[in-house]
Amino acid sequence: AQSVTQLGSHVSVSEGALVLLRCNYSSSVPPYLFWYVQYPNQGLQLLLKYTTGATLVKGINGFEAEFKKSETSFHLTKPSAHMSDAAEYFCAVRRNQGGKLIFGQGTELSVKP
Amino acid sequence: EAGVAQSPRYKIIEKRQSVAFWCNPISGHATLYWYQQILGQGPKLLIQFQNNGVVDDSQLPKDRFSAERLKGVDSTLKIQPAKLEDSAVYLCASTDQGVTEAFFGQGTRLTVV
């Protein structure tokens, strides 16, 4: 069975600092991996995804993530945090195109001025 | 291109009452999901449709929850009777063959009092 673990339910950084949100997954087959962002009272918006090919993927708003198969990880990073990055971030895994998305429990990112 | 539409955005009901949510997926998308997101948790799949057929409803509390997708387009999710623990955001998402990510609506926030 697939599962996703996000380390840290809450991460706080200063504006301009590095953002690192951790995600580990378990899957019996190479999965599709996603990061979604959720702003208050909004739905989920796709930040980036890994399907095949290059293991470093770039997304919107300056975020990127690296798929490391040996570590079963897909950590999300951004070199310099902005106040507008404050939101809830969800890592998700999907076994194939027709399958369901399985989400981690989420990490709330706070950005201090 | 219009996104996933959901209504209502907010709903407050008393326990033991019934409630229904509506979702209109992105035009042409064959796969439709309903997720339940309890405060502080990641979304959990309730039911997945492929056209008008059910693919996965293993996590749907069938004694009180029901869902349908007549004609393979719009979908409704119903709760009858509602319990306090049903308070959550109900998210609808859609995707299609050849599309790796799912697109989410803004959700319906249900409060059961």
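Because the structure is predicted, anything quoted here is derived from the model rather than measured.

A. Focus on the interface of chain A and chain B. Each side of the interface is counted separately: chain A has 21 residues, and chain B has 24 residues. Summing both sides of the interface, chain A and chain B together bury roughly 1700 Å²; the carbon and sulfur share of this comes to 44%. Across the chain A-chain B interface, the total number found is two salt bridges. A salt bridge links Glu101(B) to Lys49(A), with the nearest nitrogen and oxygen atoms 2.6 Å apart. For the pair chain A and chain B, the interface holds twelve residue pairs in polar contact (both at pLDDT 80 or more). Among the elements of the structure, β4 (32-38), β5 (44-50) and β9 (87-94) of chain A are those that each provide at least two residues to the side of chain A that touches chain B.

B. Focus on the sheet that holds strand β3 (residues 19-24) of chain B. All names here are of chain B. Here four strands make up an open sheet; going across it, the order is β1-β3-β8-β7 and the pairing antiparallel. Both edges of this open sheet fall to β1 (5-7) and β7 (65-68), since each of them pairs with a single strand only. Taking each pair of neighbouring strands and ignoring which way they run, the sheet shows an average axis angle of 15°. Direction of pairing for β3 relative to strand β8 (residues 75-79): antiparallel, over a ladder of five bridges. Bridge pairing in β8 places Cys 23 opposite Ser 75.

C. Spotlight on the state of the cysteines. Residues and elements named next belong to chain A. Applying the stated criterion to the full structure yields two disulfides over all chains. Across the disulfide, Cys 23 is cross-linked to Cys 91 (sulfur-sulfur distance 1.9 Å). Sign of the S-S torsion, about -65° for the bond between Cys 23 and Cys 91, identifies this disulfide as left-handed. Remark: Cys 91 occurs in strand β9 and Cys 23 occurs in strand β3 (residues 19-26); sequence separation between them is 68 residues.

About the criteria used
- By convention here, each chain's residues receive numbers from 1 onward along its written sequence.
- Chain letters start at A and ligand numbers start at 1, both assigned in the order the entries are written.
- Residue-level local features of this predicted model are given only where pLDDT is at least 70; pairs of side-chain atoms are given and counted only at 80 or more, and the full residue set underlies all totals for whole chains, interfaces and linings.
- No hydrogens and no water enter the side-chain calculation; it runs on all heavy atoms of the structure.
- Whether two residues are in contact is decided by their heavy atoms: any pair within 4.5 Å suffices.
- Two parts placed together each lose some accessible area; with a 1.4 Å probe, that loss summed over both constitutes the buried area.
- By salt bridge we mean one thing: a side-chain nitrogen of Lys or Arg within 4 Å of a carboxyl oxygen of Asp or Glu.
- Contacts described as polar in this section are N or O atom pairs within 3.5 Å, which, within protein, must combine one atom able to donate a hydrogen with one able to accept it, while residues neighboring in sequence count only if both atoms come from side chains.
- Numbered from the N terminus, helices here are DSSP runs of H or I no shorter than four residues, and strands are runs of E no shorter than two.
- Strands are treated as partners if at least two bridges between them are detected by DSSP.
- For helices, the fitted line uses only the C-alpha atoms of the stretch in contact; every axis is such a line through C-alpha atoms, and the angle between N-to-C directions lies from 0 to 180 degrees.
- Our working definition of a disulfide is a cysteine sulfur pair at a distance within 2.5 Å.

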